[in-house]
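# Residue-level structure breakdown
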Amino acid sequence: MHRNTKRWTLAAMLCAVMAGAGAQGYPDKPIHLIVPYPPGGGTDVVARTVAQRLQTELGQPVVVENKPGASEIIGTGAVARAAPDGYTIGLVTSTYSINWVLGGGLPYRPEQFSAVAPLVGVPMLALVPAGSPHADMAALVAASKRNAGRMNYASLGPNSLQAMSSEWLKHLSGADLTAVAYKGAAPALVALSTGEVDFAFAGLGASRALLDAGKVRPLAVSTQQAFAAMPGLPPVAAQVPGFDIQIWYGVVAPAGVPKPVLDKLNAALGAVAGDEAVRRQFADLGNVPMTMGQAEFAAFLAKDAELWRGIIAAGGIRAQ
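Conventions used here
- Residues numbered from 1 in each chain as written.
- Predicted model: local features only at pLDDT ≥ 70, side-chain atom pairs only at ≥ 80, totals over all residues.
- Heavy atoms only, no water.
- Axes fitted to C-alpha atoms, helices over the stretch in contact; angles between N-to-C directions.
- Helix = DSSP H or I, 4+ residues; strand = E, 2+ residues; numbered from the N terminus.
- Parallel < 35°, antiparallel > 145°, perpendicular 65-115°, else oblique.
- Contact = heavy atoms within 4.5 Å.
- Nonpolar A, V, L, I, M, F, W, Y, C, P; charged D, E, K, R; others polar.
- Phe/Tyr/Trp six-rings, centres within 6.5 Å; stacked < 30°, edge-to-face > 60°.
- Buried < 20%, exposed > 50% of the residue type's maximum accessible area, 1.4 Å probe, protein only.
- Left-handed = near helix turned anticlockwise from the far one by under 90°.
- pLDDT = per-residue confidence, 0-100.
- Core = buried A, V, L, I, M, F, W, Y, C linked by side-chain atoms within 4.5 Å.

Between helix H2 (residues 42-58) and helix H10 (residues 276-284), the least distance of the axes is 11 Å, while the angle of their chain directions is 175°. Taken together, the axes of H2 and H10 are roughly antiparallel relative to one another. Two secondary-structure elements touch here, H2 through Val46, Thr49, Val50 and Arg53 and H10 through Val278, Gln281 and Phe282. Its residues placed into classes, the contact of H2 with H10 shows four nonpolar, two polar and one charged.

Structure representation (structure tokens):
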């Protein structure tokens, strides 16, 4: 064997040994979970529920850091720039896939991340203000056509799930709705409750307080599958054929985190998702726990990007 080859082989072996040794002691300090949305929304609630139980699994504090803005790009970018040691991880949603498909000059690349684990699947509610005259999706769509250019929907940014789902709704139904952007689900839903906007997609976790207070009203659920948390609610597809969207939340890490550390995080997050108390909390929020191995989740992310690629192409949606 050539001397240089021997040197590189020994170096690789040494790195592997060091990575394994580091993983055995991991974690020995607090872990930071970056959430690319402001406090108070459904994503933040999921993050804090997971963080509380995860610190029990790992034996170290898990600190939630909210870094909202730019359709997850600010928070996700912070994850990409973090040290690849497993002490900074990031919560992402289906917007993570949408951003890759739309491109638009992202300040990071796909190879800067490692998949860790999924958290939950999240059916969305199609919501209107409590005093809205629209009884169902068909009435909302018809009113938007009659009032061209005068009705709007709440967006969390042009590449957000709320915007993409609303634009897909417009493509399938011909609805005439204009986007109004907010920095998170909480301010968007407050705007909906006051009638500042006419329509919004949101998860049950983010909207429950306003639903319980009678300030917003659900017309339909985004999935064709029945929504266990609201069994009498019809799917959007009942009046807008072809519409079927369930979003997801998951965890990624910077590329280069040692495989044993990723495996440990994946196992710990799987234990969190399987915890009965957490499952009850998720059910109350209308979320469905998801568990996958690390490699399986990486494959899931690739497949999800292709799903959104098809929707974006069919709807003629462009990065903004």
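Glancing now at the packing of aromatic side chains. Taken as a whole, this structure holds 11 aromatic pairs when the rule is applied. Relative to Phe113, the ring of Tyr96 lies with its centre 5.7 Å away and its plane at 90°, an arrangement referred to as edge-to-face. One end of the pair, Tyr96, is in helix H4 (residues 94-102); the other, Phe113, is in strand E4 (residues 113-129), with 17 residues separating them in the sequence. By the burial criterion, Tyr96 is buried, and Phe113 matches it. A connected cluster of aromatic rings, assembled from ring pairs, spans Tyr96, Trp100, Tyr108 and Phe113.

One way to put it is that H2 packs onto helix H9 (residues 259-274) with a least axis distance of 9 Å and a crossing angle of 120°. Between H2 and H9, the crossing angle belongs to the class labelled oblique. Crossing hand, H2 versus H9: right-handed. Touching Val50, Arg53, Leu54, Glu57 and Leu58 of H2 are Lys264, Leu265, Ala268, Leu269, Ala271 and Val272, all from H9. Broken down by class, the residue content of the contact of H2 with H9 amounts to eight nonpolar, no polar and three charged.

Before going further, it helps to examine the confidence of the model for the chain. For the chain, per-residue confidence averages 91 on the pLDDT scale, and residues scoring 70 or more make up 92% of the total. Counting contacts from residues 4-17, a segment whose pLDDT is below 50, to residues more than four positions away or on other chains yields two contacts.

Below, the discussion takes up the nonpolar core. The nonpolar side chains of a soluble globular protein tend to be buried, and buried together. Formed by 88 residues in total, the largest nonpolar core has its most connected members in Leu119, Met137, Phe199 and Val236. Per-element tally for this core: the top contributor is E4, with 10 residues. Not counting residues within four places of it along the chain, the set of residues in contact with Met137 comprises Ala126, Leu169, Phe199, Leu219, Ala220, Val236 and Gln239. Ranked by size, the runner-up nonpolar core spans 17 residues in total, among them Ile34, Ile73, Met290 and Leu301.

This part is about unusual backbone geometry. With an omega of -5°, the peptide bond between Tyr26 and Pro27 qualifies as cis. Here Pro27 is to be found in the loop between helix H1 (3-24) and strand E1 (31-35). For Ala70, which is not glycine, the phi dihedral falls at a positive 55°. On the secondary structure map, Ala70 appears in the loop between strand E2 (62-66) and helix H3 (73-81).

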